[in-house]
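Coordinate inspection notes
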Amino acid sequence: MNRLFIAAAMAAFIGGSNWSLAQDLVIGSKAPKLEVQKFIKGEPVKTFEKGKTYVVDLWGTWCPPCREAIPHLSKLQQKHKDVTFIGVAVLQQDPEEVVEFVDEAGDKMDYRVALDLVPEDAEVTEGAMFKNWMEPAEKKLPLIFIINGDGLIAWIGRPAELEPTLAKVVAGEWDVPLEARKAKALAAEQKKLAEYNTKFRKLFADLENDNDPTKILNEVEVATKDLPSHAVQFAMYKFQVLATVKGTEDKAVAAGEELVEMPDVVDNPDSLTTIAWFLVSPDREKPADPRLIKLALKISIKADNLAQQKDPMIADTLAKAYFDNGLLEKAAETQERVIDLVPGTSLDNDPTLKRRLP
């Protein structure tokens, strides 16, 4: 298995930020003009009025998370009747699809809906809302903005994070300058993290040739001191390297035992399973060292217990760990439990599950 791929996969489970690092539209910015082709639902809004709060949702009919957020946004609109919710469809090749979608949704989409203002015969990326809102803020949908009574962007984020923030904005408890400073500090931190990850990508590539982990391990120490809030991610890099390079297996076991006791990992069955799966995955180029296979079993048992033996993916990892440790009866027993658990889950049609039965 490619080492760089493993490192990226392991870092990803920590839930790194998806926000772009060079945002021009941030908390505290003056809200751009609301430029839409037309409103296809609700009373038109021409401008942001002073003293009023607005929620602008950039979405698309082609975007599953956007569609999933509609009931949530509708409930919030019903709850906050003095707030004007506006869903603006962007990057739509066929505006009629939006009209049909909104008509079919009916009362389930209980707020204003408009179409992005795209010049005639232009690409959808030339839309005013895309160019002036989405592009300078962040390029992934769904994307939501709260505009406060002063016409400033009070918040930018995802639908799942909207409710508590909106409640504070409405109650006058949201300090925009303070939140702007926090967002700026976070952006600086994310920029620095991206720079470290660029270094790590190069070091992992170099490791393929020289098999010397020293440079990566030194960089892990530097990065951990510089960005302690990302210590788990860097500890995973360290563990992955030691578990891959020949001759450092004992150090890998020690690093792994330290890693699984870290905050955000110790009581997180998904995080624990990610670590264990790295060691027992059938996609590995070669099996992990027996000492690490034993560690994988220990981690998998803990993850399975935390999940109350009800998560098929976690149990599947445990079954593989039992198998790799030569405990075939336990492996078969656990894999049978996996098969019983999968109906109705994302693993329902995975043909490999039964094949892994000893």
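Our structure's up above, just so we're on the same page.
Parameters and conventions
Along each chain, residues carry numbers from 1 onward, in the same order as the chain's sequence is written. Residues qualify for local features only when their pLDDT is at least 70, as the model is predicted, and side-chain atom pairs are given and counted only at 80 or more; totals for whole chains, interfaces and linings, by contrast, use all residues. As a rule here, side-chain values come from all non-hydrogen atoms in the structure, and water together with hydrogens is ignored. Relative accessibility decides the category of a residue: with a 1.4 Å probe and only protein chains considered, values under 20% of the type maximum give buried, values over 50% give exposed, and everything between is partly exposed. A helix here means a DSSP run of H or I that spans at least four residues, while a strand means a run of E at least two residues long, and both kinds are numbered starting from the N terminus. The directions considered for the arc run from the helix axis to the C-beta atoms. Note on definitions: salt bridges are taken to be side-chain nitrogens of Lys or Arg within 4 Å of carboxyl oxygens of Asp or Glu. To get an axis, a line is fitted to the C-alpha atoms, and for a helix only the part in contact is used. The angle between two axes follows their N-to-C directions and goes from 0 to 180 degrees. Here the angle decides the label: under 35 degrees means roughly parallel, over 145 means roughly antiparallel, 65 to 115 means roughly perpendicular, and every other value means oblique. In this scheme, a crossing is called left-handed if the near helix is turned counterclockwise away from the far one by less than a right angle; it is called right-handed if the turn is clockwise. Working rule for contacts: check all heavy atoms of both residues, and any pair within 4.5 Å makes them a contact. Here, a disulfide means two cysteine sulfur atoms that sit within 2.5 Å of each other.

Here the focus is helix α9 (residues 249-259). In an α-helix there are 3.6 residues to a turn, and that puts residues three or four apart on one side. Burial in α9 covers these residues: Glu249, Ala252, Val253, Ala255, Gly256 and Leu259. Taken end-on, α9 shows its buried residues confined to a sector of 165 degrees, consistent with a single buried face. The exposed set on the far side of α9, more than 90 degrees from its buried face, consists of Asp250, Lys251 and Glu258.

With that out of the way, let us pick up the pattern of salt bridges. Close approach of charged atoms lets side chains of opposite charge pair. If you walk through the whole model with that rule in mind, you get twelve salt bridges. Of the charged contacts, one joins Asp250 and Arg291 as a salt bridge, the two residues approaching to 2.8 Å between their closest N and O atoms. Taken together, the residues span a long stretch of sequence, with Asp250 in helix α9 and Arg291 in helix α11 (residues 290-306) at a distance of 41 residues. By relative accessible area, which is 38% here, Arg291 ends up partly exposed. Residues Arg291 and Asp289 are paired through a salt bridge, measuring 2.8 Å at the closest nitrogen-oxygen approach. The network of salt bridges with shared partners includes Glu249, Asp250, Asp289 and Arg291.

In the contact formed by helix α10 (residues 269-280) and α11, the axes pass within 8 Å of each other and the chain directions differ by 155 degrees. Between α10 and α11, the angle falls in the class roughly antiparallel. Where α10 crosses over α11, the two elements pack in a sense that is left-handed. Each of Pro269, Leu272, Thr273, Ile275, Ala276, Leu279 and Val280 in α10 lies in contact with α11, whose residues at this interface are Leu292, Ile293, Ala296, Ile299, Ser300, Lys302, Ala303 and Leu306.

This brings us to the state of the cysteines. Disulfide: a covalent bond formed between the sulfur atoms of two cysteine residues. Counted according to the given criterion, the structure contains one disulfide. One disulfide bridge connects Cys63 with Cys66, the sulfur atoms lying 2.4 Å from each other. With the S-S bond torsion at 75 degrees, the cross-link from Cys63 to Cys66 turns out right-handed. The same class applies to Cys63 as to Cys66, namely buried.

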